[in-house]
Amino acid sequence: MIPLAEARAYVLSRVEPLPPRRVPVGAVSGLVAAEDVASTEAIPPFANTAVDGFAVHASDTRGASPDRPVRLTVTGTVAAGDAADRPVAAGEAMRIMTGAPIPPGADAVVMVEDTEVVASASGGEEVLAGVEVGPGQSVRPAGDDVNPGQVVIPAGTVLGPGHVGLLHSLGRQEVIVHPRPRIGVLSTGSELVGGPAPLGPGQIRDSNRPALVTMIAEAGAVPVDLGLVVDDEQAIADALRLGVAGCDAICTSGGVSMGDYDYVKAVLDGMGEMRWMQVAIKPAKPLAFGVVTAEDGRGVPVFGLPGNPVSSMVSFEVFARPALRRMMGYPDDGLDRMTVRAVLDEPLRRHRDGKTHFARVTVRYGDDARFHARSAGGQGSHQLTGMAGANGLAVLDVGAATEEGDELPVMVIGEVTGPKAVDTA
Ligand code: AMP
Ligand code: MG
């Protein structure tokens, strides 16, 4: 058996980021920028008001208070999207709505809440401003957020909804990113049935393929369903060749153990430089990994994941997912799930077998500002109910303390609930 760290390092040393490509801005959330994005425009493009109110000369409001407001002549209105048709002179005020350009002459805005509009002797309007404002008050200057030429998104940034908004505010239609890899998923096993058909003797349903497809999509890559093949070398070889031609990486499940019909390894050996590993972890000890060269010269990483349903998912978590993230250009500290230290709310039993165990747990952030973990169910590698209920994998190293109250590292693989930051009741 080889240590987990060694197997992982081997895998990661053989995958690299996909060549960058232009992608429409609407589709880049979760992808990594492969260019420095610089602005050609100022944001905001013009000085505008942060509040609804009256654009004034700040100096006109000197000494104003609710008891002794200053009186200014209202000369018009500027709405968002408008431009003032005349400047604001001393002694004047112009009604202005949030986002509207500050009229020439004005240098501050009095909030509508601090004003009262009255009729003037001449039949027009006057505003009583009950507060003193300084120059620049409630004014958002041009370029307050972004100046032309400024790099707003450095290469290597993991893009999210805020970046999508920012790119749109710059008028960008596309951005150069590492694209989403297409990941083929192939199930192998003569016992497998896809779909709801009645099961014959010895048959079980294929659960690995849909589970892996879901994990791939959740990791931000594009799953490609390569179907289901029986334990037959020719069938496996044909399916893999098709997959290599159309995908950036492939995950197979089953057929990498010590059984008589475990042909995946044999087939992959004939296709590229494969390494067959027995990793010191439980579940998911067997792993075949290598890079197959496609006809067009691309290196296509192939993960031969174990067949047991929980094993295939755990193996995906610890080997394939970090590799996919590297293909997506994620920085080293973005490859892995976050690991937290959690208090065990119940003992977690393990055998002394020299392996690192990944126990399926539910983890919650408690009112005591600590993470808490308990078993999510059956811990057998065939027991998907435990995996289904788990949002964490507790890492039980050899000799790890596993009594109630002990603290353990837990890989967070799903959403964690906890107390709310603000009382929303
Ligand atoms: P294998 O690695 O092919 O020896 O498979 C190990 C165990 O996982 C066996 O009990 C298989 O029946 C089961 N298995 C393999 N592939 C799948 C699959 N796609 N869905 C559900 N169970 C599977
Ligand atoms: Mg099998």
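Look above for the structure.
Reference entry: report on the structure contained in this document. These numbers come from a predicted model, not from an experiment.

## Comments concerning the overall build of the protein chain
(1) Moving on: The number of helices and strands found in the protein chain is seven helices and 27 strands.
(2) Moving on: For the protein chain, the C-alpha atoms occupy an extent of roughly 100 × 55 × 40 Å along the three principal directions.
(3) Moving on: The proportion of buried residues among the 425 residues of the protein chain is 46%.
(4) Moving on: When contacts within the protein chain are restricted to residue pairs at least 6 apart in sequence, those whose partners lie at least 24 apart make up 71%.
(5) Moving on: When the accessible surface of the protein chain is summed, it comes to about 19900 Å², and 52% of that surface belongs to carbon and sulfur atoms.
(6) Moving on: Between the centroid of the 35 positive side chains of the protein chain and the centroid of its 52 negative side chains there is a distance of 6 Å.

## Re the packing of aromatic side chains
Each aromatic ring pair is described using two quantities: the centre-to-centre distance and the angle formed by the ring planes.
(1) Moving on: Summed over the entire model, instances satisfying the criterion amount to four aromatic pairs.
(2) Moving on: Measuring from ring centre to ring centre gives 6.2 Å for Tyr-10 and Phe-289, while their planes differ by 90°; the resulting arrangement is edge-to-face. Within this pair, whereas Tyr-10 is found in helix 1 (residues 4–13), its partner Phe-289 is found in strand 21 (residues 286–293), the two being separated by 279 residues in sequence. An identical accessibility class is assigned to Tyr-10 and Phe-289; each is buried.
(3) Moving on: Ring centres 6.4 Å apart and planes at 80° place the aromatic pair Tyr-261 and Tyr-263 in the edge-to-face group.
(4) Moving on: Residue Tyr-263 is classed as partly exposed on the basis of its relative accessible area of 21%.
(5) Moving on: Here the aromatic residues Tyr-10, Phe-289 and Phe-303 are joined through ring pairs into a cluster of three or more.
(6) Moving on: Positioned above the aromatic ring of Tyr-330 is the side chain of Arg-325, whose terminal nitrogen or guanidinium carbon lies 3.9 Å from the ring centre.

## Re the sheet that holds strand 14 (residues 182–188)
(1) Moving on: The six strands are arranged 17-14-18-22-21-19 in an open sheet whose pairing can be described as mixed. The two strands at the open ends of the sheet, each matched to only one other strand, are strand 17 (222–229) and strand 19 (272–278). Each strand axis lies, on average, 15° off the axis of its neighbour in the sheet, ignoring direction.
(2) Moving on: Where strand 14 and strand 17 come together, six bridges link them in parallel fashion. By the bridge assignment, Thr-188 is partnered in strand 17 with Val-229.
(3) Moving on: Here helix 5 (residues 264–271) sits on the sheet in contact with strand 14, strand 18 (249–253), strand 19, strand 21 and strand 22 (299–305), set at roughly 145° to strand 19.

Parameters and conventions
- Residues numbered from 1 in each chain as written.
- Chains lettered and ligands numbered in written order.
- Predicted model: local features only at pLDDT ≥ 70, side-chain atom pairs only at ≥ 80, totals over all residues.
- Heavy atoms only, no water.
- Helix = DSSP H or I, 4+ residues; strand = E, 2+ residues; numbered from the N terminus.
- Buried < 20%, exposed > 50% of the residue type's maximum accessible area, 1.4 Å probe, protein only.
- Contact = heavy atoms within 4.5 Å.
- Areas by Shrake-Rupley, 256 points an atom, 1.4 Å probe, with all protein chains shown as cover.
- Lys, Arg positive; Asp, Glu negative; His and termini not counted.
- Charge placed at Lys NZ, Arg CZ, Asp CG, Glu CD.
- Phe/Tyr/Trp six-rings, centres within 6.5 Å; stacked < 30°, edge-to-face > 60°.
- Lys NZ or Arg CZ within 6 Å of the ring centre and 35° of its normal.
- Pairing = 2+ DSSP bridges.
- Axes fitted to C-alpha atoms, helices over the stretch in contact; angles between N-to-C directions.

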